[in-house]
Amino acid sequence: MNDSPVGWCAWVLDKFYQWTDCERDGIRDVRNAVSWEKFLTNLSVYWFTDTISSAMHFYREQYLALRNGTGAAGKVEVPTGAGIFPQEILKSPRAWFERRFPLVHWTEHAAGGHFARWNSPKSSPAT
C-alpha cells in the first residue's frame, strides 16, 4: 500500500465507496458519504505518516482468527457499548456481543456504514 500514492488513493476510495452508506436517490457516490476535504485528510494522514500497514494489521488478525475459527481469546471485561449501522462491512448479532463483552449500551442506527461518524454524524437510532 505504501509504494504508490495513486494506488493508495484508488484503494481507499474503493473502500469508502463499498463501506459507506453513500447511496442517495438510487445513485452511489462517495461524496454523499463524506466531503472530499475529510476524505483527502484521512488519505494524507496515513500516506505521509506511513502508517497504513499498522492500521490494517488489526483487520488481518481478525480475518485470520475468523477463518481459523480461533477467535479472540478470553472475554473483554471493560463495559462496552455498540453502535450498529446498516451498511457496516461485518455485522455481528447482539447475542455474539453479549457473550464476548459486558454490553451496557446497544444502538441500532438508521443510516451509516463502516465510517459512520463521518458518513452519518447525526445518525439517530432506528425506530
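Quantities reported herein were computed from a predicted structural model and do not represent experimental measurements.

**Student:** Honestly, the layout of surface pockets in this entry has me stumped. Any pointers?
**Tutor:** Rolled over the atoms, a probe with the dimensions of a water molecule shows which regions are left empty. By volume, the second largest pocket is sized at about 370 Å³. Those elements that provide at least two residues to the lining of the second largest pocket are helix 1 (5-19), helix 2 (36-49) and helix 3 (52-68). Among the elements that take part in the lining of the second largest pocket, helix 1 stands out by supplying six residues, more than any other. The residue inventory of the lining of the second largest pocket, partitioned by class, reads 12 nonpolar, two polar and one charged.

**Student:** How do you make sense of the pattern of salt bridges when you look at a structure like this?
**Tutor:** One side chain can pair with another of opposite charge once the charged atoms of both are near each other. In the structure shown here, the tally under the stated rule is three salt bridges. A salt bridge links K15 to D14, with the nearest nitrogen and oxygen atoms 3.1 Å apart. Classification of D14 as partly exposed rests on a relative accessible area of 32%. Here R31 and D29 are joined by a salt bridge, their closest N and O atoms 2.7 Å apart.

What counts, and where the lines are drawn
Each residue is numbered by its place in its chain's sequence as written, counting from 1. Totals for whole chains, interfaces and linings use all residues, but because this is a predicted model, local features are given only for residues with pLDDT of at least 70 and pairs of side-chain atoms are given and counted only at 80 or more. Side-chain measures were taken over the full set of non-hydrogen atoms in the model, leaving aside hydrogen atoms and water. Grid points spaced at 1 Å over the protein atoms alone were grouped into cavities, where a 1.4 Å probe fits but cannot get out, and pockets, open sets with protein on both sides within 12 Å along at least five of seven lines, with lining residues defined by an atom within 4 Å of a point. Grid points are joined across faces, edges and corners, and a volume is the space filled by probe spheres set on the points. Helix and strand definitions here come from DSSP, where helices need a minimum of 4 consecutive H or I residues and strands a minimum of 2 consecutive E residues; each element is numbered from the N-terminal end. Note that Gly is not counted as nonpolar here; it falls among the polar residues with everything else outside the nonpolar set of Ala, Val, Leu, Ile, Met, Phe, Trp, Tyr, Cys and Pro and the charged set of Asp, Glu, Lys and Arg. We count a salt bridge whenever a side-chain nitrogen from Lys or Arg sits within 4 Å of a carboxyl oxygen from Asp or Glu. Any residue under 20% of the maximum accessible area for its type is buried, any over 50% is exposed, and the rest in between are partly exposed; the area is computed with a 1.4 Å probe on protein chains only.

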